[in-house]
There are 4 protein chains.
Amino acid sequence: MPVLRQIRERFAKEKPLTGLRVAACLHVTSETANLLLALQDGGAETAICASNPLSTQDDVAAALVHEYGIPTFAIKGEDSETYYSHINSALDTKPHITMDDGADLVATLHTDRTDALDGLIGGSEETTTGVIRLRSLAEAGKLKYPIIAVNDADTKHFFDNRYGTGQSTLDGITRATNILWAGKTVVLAGYGWCGRGVALRARGMGAQTVVTEINPIRALEAAMDGHQVMSMDNAAKIGDIFITLTGGIKAVGRQHIEVMKDGAILANSGHFNVEIDIPALEELADGKQEVRPFVDEYLMGDGRRLNLLGEGRLINLAAAEGHPSAVMDMSFADQALSAEYLAQFAHSLKPQVYDVPRDIDEEVGRLKLLSMGITIDTLTAEQEEYLGSWEVGT
Amino acid sequence: MPVLRQIRERFAKEKPLTGLRVAACLHVTSETANLLLALQDGGAETAICASNPLSTQDDVAAALVHEYGIPTFAIKGEDSETYYSHINSALDTKPHITMDDGADLVATLHTDRTDALDGLIGGSEETTTGVIRLRSLAEAGKLKYPIIAVNDADTKHFFDNRYGTGQSTLDGITRATNILWAGKTVVLAGYGWCGRGVALRARGMGAQTVVTEINPIRALEAAMDGHQVMSMDNAAKIGDIFITLTGGIKAVGRQHIEVMKDGAILANSGHFNVEIDIPALEELADGKQEVRPFVDEYLMGDGRRLNLLGEGRLINLAAAEGHPSAVMDMSFADQALSAEYLAQFAHSLKPQVYDVPRDIDEEVGRLKLLSMGITIDTLTAEQEEYLGSWEVGT
Amino acid sequence: MPVLRQIRERFAKEKPLTGLRVAACLHVTSETANLLLALQDGGAETAICASNPLSTQDDVAAALVHEYGIPTFAIKGEDSETYYSHINSALDTKPHITMDDGADLVATLHTDRTDALDGLIGGSEETTTGVIRLRSLAEAGKLKYPIIAVNDADTKHFFDNRYGTGQSTLDGITRATNILWAGKTVVLAGYGWCGRGVALRARGMGAQTVVTEINPIRALEAAMDGHQVMSMDNAAKIGDIFITLTGGIKAVGRQHIEVMKDGAILANSGHFNVEIDIPALEELADGKQEVRPFVDEYLMGDGRRLNLLGEGRLINLAAAEGHPSAVMDMSFADQALSAEYLAQFAHSLKPQVYDVPRDIDEEVGRLKLLSMGITIDTLTAEQEEYLGSWEVGT
Amino acid sequence: MPVLRQIRERFAKEKPLTGLRVAACLHVTSETANLLLALQDGGAETAICASNPLSTQDDVAAALVHEYGIPTFAIKGEDSETYYSHINSALDTKPHITMDDGADLVATLHTDRTDALDGLIGGSEETTTGVIRLRSLAEAGKLKYPIIAVNDADTKHFFDNRYGTGQSTLDGITRATNILWAGKTVVLAGYGWCGRGVALRARGMGAQTVVTEINPIRALEAAMDGHQVMSMDNAAKIGDIFITLTGGIKAVGRQHIEVMKDGAILANSGHFNVEIDIPALEELADGKQEVRPFVDEYLMGDGRRLNLLGEGRLINLAAAEGHPSAVMDMSFADQALSAEYLAQFAHSLKPQVYDVPRDIDEEVGRLKLLSMGITIDTLTAEQEEYLGSWEVGT
């Protein structure tokens, strides 16, 4: 993670986070560990809980506790009760700054744990889903402190959502099933940045791609990118593999499950395990068996077999290693610089959802290009003047 | 142009532009003619001048005058003096609304023809370059009336700039040169929406693609899209074909021309004919000859031959037919609906650059999908509620 | 045409074709002219007739006659009678060697003009279709002299059929219609080398691709390359654009025409104008009009409009410029070297269809790489020994 | 494996292999187990040894022995001595038919175990490398019994080599390293079917692709497919990831290792672990450590770190699961039908390398399409007659 490393080195010298407590609700992986260590080097006290019951790398959790003394509340496969108790434990550390991945920490803060709101100066949110929830909270006038939408940084969503999710979603499904992608019909629910990325990579592996959408402009874009676009009612009948990337619920619902082909594969790469209607699947099935790790084969009443991967949780985290560290490097560089920004400027912010400042975004881009050995052009004075002027025409 | 047709039919009934004069400075093509007729059916009086000296389809210009009685000031190949006299003639019609493609009309209004500012209620601008110029004018506090940046509508720049320019740029170069794209090294200056589109299509034709940029985030994106990214100083030495798409000047400059390979091809698809430093090319050359229509072969002092296409003007308009009508259909639907919006709401707008209202953008998307026979999903009440809520979590 | 140029220079010195008469039945284009001049420089007397009634470039035909004194029997748009009288005129020159593009010359020789068989030492054939006809003739024991299947050379069909036809077919359709490819459903009948090439380029332009085939292995390949594969009966209902590339007849037949969508476009890039069942189209239509050059709009009895391009003849030749000279360069280098080979070795050949000798094929490849400035590796002695041995194992 | 399953069902009824002993030297995986069971159901006695020291799935080996009573000589990670003793054990079963994957079994038969040649009626070979070795043996006049080159079947090499190796090579490297492919420069040594497949998939994941070749026609094809083509001397300096697919030795040699970038990754997907010059790597390095499973980081004398994956053995087998069963299904269907063919016709064959009969190849294609639910066209009588005739022309 060369970008975060450069930031960490500067933090170690400048200590911009001295005196601040940060509570992170993130996937507990080796990449996240690097972020925590950067914050720690910057002078912060940190604590972490898992943002997903299945995504914890237990060896990383252990190392955070034993080698770095960071309070870590996470264990792979924890149940829902443990999951929320872990969030509460993280809040017990009385953080000044929160870092969230899906907004569960913030939601808990605004419901059961309003006691912990005191002292908070700001937070950041890593995901599309979380940002949607937070904006909804803000619009309702209920958000209590400023939050930076790290997800919306160009160096985050252009890269993490598109290239990271694109590659790692296929990786997770390949590891779980060992299917050949070439010749398969892959149905993608949702054509946001994640959906675009997965569609691109699925085609790159030789699959035929079908996109479903609710937004007319995204649907048009998918069609002009060469994907088939149709309603899920129609797509359900022809897909070999279904991947949900909507951030919503029941993108694959009961009426779709009822008409799928024998052998169809269902995976979620959106956010929560509600994008596929698993209760309906359970109800329609006579039984299920785990045919490979992370593959539950449901035997339907009519004899069809449908395969649900990773219990409908994020497949790239469940069955693979999540995002490659190269993309987390950029996202977490945005996180670290946003924390520094909050330390400096939170007092002047309102309880709203903020964009990552453009300067931070471009700085992350510059550090990344540097690490790739790529040189780009800079505007000459003459070119800059031209772009800034309006007199010069045809 | 099925989208514009639907709008035109409604305009013919509702006459939303009654009593308004519109002066358009656009490429005089059959697509533009359709826009003018829609405005006319909507009750407007219209006049048009060319936005580019080379892009006029003379038969269309003639038909506009003789069949539809629309004052038309444009002739293919007009010189710079005629070009500006035509702009002045269009302004002489005392328009209430301007439609611009590159902001030459607006620039003239704000310099030589401030007399024509009276009576103006609003305008619209079709291109990236024009919007940059207008924002610069607005920031300087000098813009005198509100302008809608049609270019920035999703249904415009996502489709026109990317798919339209992407395809038609290659088309123009193919028609001019009849080269085989497969195996060629294509250097693209600029990775905005136009650059992305041309890069995608160039690779789709089997070329190797090299991107130059000044923006670190776009440069990163190009690299992760699989293109080689480097400075133009390095790209100049290896390119077979150079295409400028920056909206700026001298993206291909003297020092680049000096090191290009024998036989290199230079084309512009950005906006003005200043993206390639043609004066430097002329100066470095011993002579030139037209080897095919739209191909000037420059014989350089050192014996190399460099081919400049379409005199450095927009190659898709110079050597092909501009954008396919399918993309102009959407852009011009945005134009027509923006004119209607100005007729209704201009009085409440300030002299600034405005985005196309989201409603207009989505309406155009919906009309386009309809014309393609594509059905998409709509959110159920349950799904809508979920997305609007912040309580539901992991 | 740098490859042919190098061969021509050698021919001019070595005169390997002295005393031989060559009759060519090829598309009369500037590229073909270069081939004829190379043969002439090699010492041959040459004559040419058109291999397609629509593909003649009249200015080239004129130049061949007036500047180079080559008997040329071809005029763009000639009718069937003139076409065959031209073939007869070419045979009247009493050739020793024939060069054919579709085997019409050879077919005439074996039917109406058996008188001209005397003196023939060998021939060559440029196309897949022609080679199929010749093999059929040879298998029937009726072929009277040896013919080299230039079409089957790797440096021909890998490049001409795939990259040449791939690009130029789209180019022809674009010029004829100015459609936007992105988002269109393109149905390709046939997945041979031409079909693969067009499929690749259609996808490269953003289209959705559907392939029909009769060969199970090619059908599988198409599916695994990510194309939809189905019967033409099903494809007929969903296609926006149909392109036939089978070398056979009625790939698009009456029952397909009956179910096509309003506005569908039909083009042939296979060989003859029998791939689309034009008589059925005429019969089912109430009338037709030319809406753009090379676009006949048929008004069907049920109100649908179907667009036939270039009268069903090769669309890349009818509406564009045929193959880019870069691919013809390689094919015609194979032709020239095959003529030289026949001059030397025809006496030892039997009346069969022969492959292009491997040495000629690789020589053309080497000359082409040289012209592109590409350096490749060569085996070290150690590597060569390894590949030639069978003892070395795991 | 639906194709093999259909064959197995027929074999179980027809028992075409009754009385024959088959010795297989193949990767010991669950797919291979299916092949053995099909042969067994067909009446054969079978035995198996590993064709690669690292590719054995030990649980499969155990099941073959304990559940199916098939003598199995293989253990993952066996050393060279054990590897060859296992081959000898397989030969001790006195087979009538051999099935080889790389020709180690055949090579042993022709050197140390000529005693086991008695009784052999025929064999088959799965890989390109093995076929090269066998042809070399046959050309030297030393091959002692007929062998069918299963590798050369269209349903094998078009699918297994291209789509199978293409996907699984990337899969192996991803699992070993968790790199992000987007933006990486991937150098592919060799552009045969495997190389083409890996190049296609690497680009499909967003990488920049560089190809090295020794064959001019393949080099040209790579260039026209949009890859950079250059000598390995030049590629060595710019690659992030090197993948060898040549079937030869030292495609990555000492002089290349010397100039690679810090952090470069080296993987082999060709055949043997001699494609990368590992002895040179060992010699140039000061030490190495395993940084992740299957990743040995070499610390070079000059401070650079180079990562060798899977000890230079086939990376898709070492770090992933080999080919997806979908492609092995077709290869092994060819194997099973070839064994049946040998049982019937071996007596009429000579000690040469034979192609898979066309009927077998097409039958496998048909069975596969059937399993995918794809319907294709068949020629009408009229179409068939046309293709078989030579009289019909322009």
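Residues numbered from 1 in each chain as written. Chains lettered and ligands numbered in written order. Predicted model: local features only at pLDDT ≥ 70, side-chain atom pairs only at ≥ 80, totals over all residues. Heavy atoms only, no water.

Identification of chain A as Adenosylhomocysteinase from Geodia barretti is taken from an unreviewed UniProt entry. As stated in UniProt under Catalytic activity (unreviewed entry), the record for chain A gives "S-adenosyl-L-homocysteine + H2O = L-homocysteine + adenosine". Under Pathway (unreviewed entry), UniProt gives the following word-for-word description of chain A: "Amino-acid biosynthesis; L-homocysteine biosynthesis; L-homocysteine from S-adenosyl-L-homocysteine: step 1/1." (UniProt positions renumbered as here; feature names shortened; annotations may be inferred.)

K.L.:
Can you help me understand the interface of chain B and chain D in this one?
P.N.:
Often the size quoted for an interface is simply the accessible area lost on bringing the parts together. Listed per partner, the contact involves 13 residues of chain B and 13 residues of chain D. Interface area for chain B against chain D, summed over the two sides, is near 880 Å², with a carbon-plus-sulfur share of 56%. Of all residues in chain B, Gln-208, Met-224 and Gln-228 of chain B give up the largest surface area on contact with chain D, accounting jointly for 46% of the area buried on that side. Run the count over chain B and chain D and you get zero salt bridges. (Contact = heavy atoms within 4.5 Å. Buried area = accessible area lost by both parts, 1.4 Å probe. Salt bridge = Lys/Arg side-chain N within 4 Å of Asp/Glu carboxyl O.)

K.L.:
What's the story with the relation of the copies chain B and chain A in this structure? I'm lost.
P.N.:
The two chain copies are connected by a rotation around an axis plus a translation along it. Screw-axis analysis of chain B against chain A gives a translation of 0.0 Å along the axis, an RMSD of 0.0 Å, and a rotation angle of 180 degrees. Expressed as a symmetry operation, the mapping of one chain copy onto the other fits a two-fold axis. (Least-squares fit on C-alpha atoms with pLDDT ≥ 70 in both.)

K.L.:
What exactly am I supposed to notice about the sheet that holds strand E3 (residues 72–73) of chain A here?
P.N.:
Backbone hydrogen bonds are what pair the strands of a sheet, in a parallel or an antiparallel way. Residue and element names in this part refer to chain A. If you walk across this open sheet you meet the seven strands as E3-E2-E1-E4-E5-E6-E15, and the pairing is parallel. Since the sheet does not close on itself, it has two edges, and those belong to E3 and strand E15 (353–355), each with one partner. With three bridges joining them, strand E5 (residues 122–125) and strand E6 (residues 147–149) adopt parallel strand pairing. Note on E6: the bridge partner recorded for Ser-124 is Ile-148. (Pairing = 2+ DSSP bridges. Helix = DSSP H or I, 4+ residues; strand = E, 2+ residues; numbered from the N terminus.)

K.L.:
I'm lost on the interface of chain B and chain A in this one. Help?
P.N.:
Every contact between the two is made by 71 residues of chain B and, on the other side, 71 residues of chain A. Summed over both sides, the interface of chain B with chain A buries roughly 6,000 Å², with 65% coming from carbon and sulfur. Viewed at the interface, chain A and chain B are joined by four salt bridges. The salt bridge partner of Lys-250 of chain A is Glu-382 of chain B, with a shortest N-O separation of 2.8 Å. Taken together, the links from chain B to chain A amount to 18 residue pairs in polar contact (both at pLDDT 80 or more). Listed by contribution, the elements that provide at least two residues to the side of chain B that touches chain A are helix H4 (80–91), helix H5 (104–110), helix H6 (128–139), helix H7 (154–177), helix H9 (216–224), helix H15 (358–372) and helix H16 (381–388) of chain B. A per-element tally of the side of chain B that touches chain A places H15 of chain B first, with eight residues. Looking at the side of chain B that touches chain A residue by residue, the classes come out as 33 nonpolar, 19 polar and 19 charged. (Polar contact = N/O pair within 3.5 Å; in protein donor to acceptor, adjacent residues only side chain to side chain. Nonpolar A, V, L, I, M, F, W, Y, C, P; charged D, E, K, R; others polar.)

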